[in-house]
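Each chain, written out:
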Amino acid sequence: MPEIVQRTMVRAPLDEVFEMSLDLDVERVAGRRYKVRAVEGAGRTSGRIALGETVQWRLRVLGFPLTHTSHITELERPRRFVDEMAAGAFAHFRHEHTFEVEGPGMTIMTDRMSWRSPAGVLGTLADGLFVRRTLRQLLTDRNSEIVRRFS
């Protein structure tokens, strides 16, 4: 199963970075490149998401509209949370967010994203051609927005 692991340093206290990471408005602003937005009537659409809550995202990738529904399956404030796909384009999708203190007023966010694309060999080919790159860009844009909000 493909995986992306990305570590991001944030100049802010751990609890503040954790709370910011749960904020759906950060995701929406960071996702401008892919026109990311939360869908009304399909779960939470703004503010901080909590354990057991769901959000349905709509975005455009390579010009095609996609819908991805995430569910917060684990939340251990302020150290980690996990969102997993409840519905969407993947056969499986899991994103674990962890937070560690790296010194006074410094936090390291570690994102571990794993997925399985559908369609066997065609899915594996898509992973190599654009899925990994698109997921990494979405993650980088999100984390850059979090860092920007604390600068």
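All values derive from a computational prediction rather than experimental measurement.

Undergrad: Kindly report on the nonpolar core, identifying the contributing residues and their values.
TA: In terms of nonpolar packing, the biggest core is built from 24 residues, with Phe81 and Phe99 touching the most fellow members. For this core, the secondary-structure elements that each account for two or more residues are α1 (14-21), α2 (24-30), β3 (54-61), β4 (64-76) and α3 (120-149). Those residues in contact with Phe99, other than ones at most four positions away along the chain, are Leu14, Val17, Phe18, Ser21, Pro78, Arg79, Arg80, Phe81, Thr107, Ile108 and Met109. Counting 10 residues, the second largest nonpolar core, distinct from the first, contains Met85, Phe93, Leu135 and Leu139.

Undergrad: Got a sec to walk through unusual backbone geometry? Specific residues and values, please.
TA: With omega at -5°, the peptide bond leading from Arg77 into Pro78 counts as cis. If you trace the backbone, Pro78 turns up in the loop between β4 and β5 (80-87). The backbone phi angle of Lys35 is positive, close to 55°, even though this residue is not glycine. Tracing the backbone shows Lys35 in the loop between α2 and β2 (37-38). Overall, the relative accessible area of 56% leaves Lys35 in the exposed class. Phi is positive for Ala119, which is not a glycine, with a value near 75°. Residue position: Ala119 is located in the loop between β7 (106-116) and α3.

Undergrad: Break down the side chain of Thr69 for me, with residues and values.
TA: Tracing the sequence through the fold places Thr69 in strand β4. Here the side chain of Thr69 touches Gln56 through a polar contact of 3.2 Å, side chain to side chain.

Undergrad: An account of the pattern of salt bridges is needed here, citing residue identities and associated values.
TA: Taken as a whole, this structure holds 14 salt bridges when the rule is applied. A salt bridge links Arg77 to Glu19; the nearest nitrogen and oxygen atoms lie 2.6 Å apart. In this pair, Arg77 is assigned in the loop between β4 and β5 and Glu19 in helix α1, connecting sequence segments 58 residues apart. For Arg77, a relative accessible area of 49% puts it in the partly exposed group. According to the relative accessible area criterion, Glu19 is buried, its value standing at 19%.

Undergrad: Mind laying out the packing of aromatic side chains, listing which residues take part and the relevant values?
TA: Here the distance between the centres and the angle between the planes together describe a pair of aromatic rings. Counted by the stated rule, this structure contains 4 aromatic pairs. Consider the rings of Phe18 and Phe99, whose centres lie 5.2 Å apart with planes at 75°: the pair is edge-to-face. With Phe18 in helix α1 and Phe99 in strand β6 (residues 92-103), this residue pair connects regions lying 81 residues apart in the sequence. Judged by relative accessible area, Phe99 falls into the buried class, the value being 3%. Geometrically, the ring pair formed by Phe90 and Phe93 is tilted, given 5.4 Å between the ring centres and 35° between the ring planes. Accessibility expressed as a relative area gives 17% for Phe90, which makes it buried. Every member of this aromatic cluster is reached through a ring pair, and the members are Phe18, Phe81 and Phe99.

Rules and cut-offs
- Residues numbered from 1 in each chain as written.
- Predicted model: local features only at pLDDT ≥ 70, side-chain atom pairs only at ≥ 80, totals over all residues.
- Heavy atoms only, no water.
- Core = buried A, V, L, I, M, F, W, Y, C linked by side-chain atoms within 4.5 Å.
- Buried < 20%, exposed > 50% of the residue type's maximum accessible area, 1.4 Å probe, protein only.
- Helix = DSSP H or I, 4+ residues; strand = E, 2+ residues; numbered from the N terminus.
- Contact = heavy atoms within 4.5 Å.
- Polar contact = N/O pair within 3.5 Å; in protein donor to acceptor, adjacent residues only side chain to side chain.
- Salt bridge = Lys/Arg side-chain N within 4 Å of Asp/Glu carboxyl O.
- Phe/Tyr/Trp six-rings, centres within 6.5 Å; stacked < 30°, edge-to-face > 60°.

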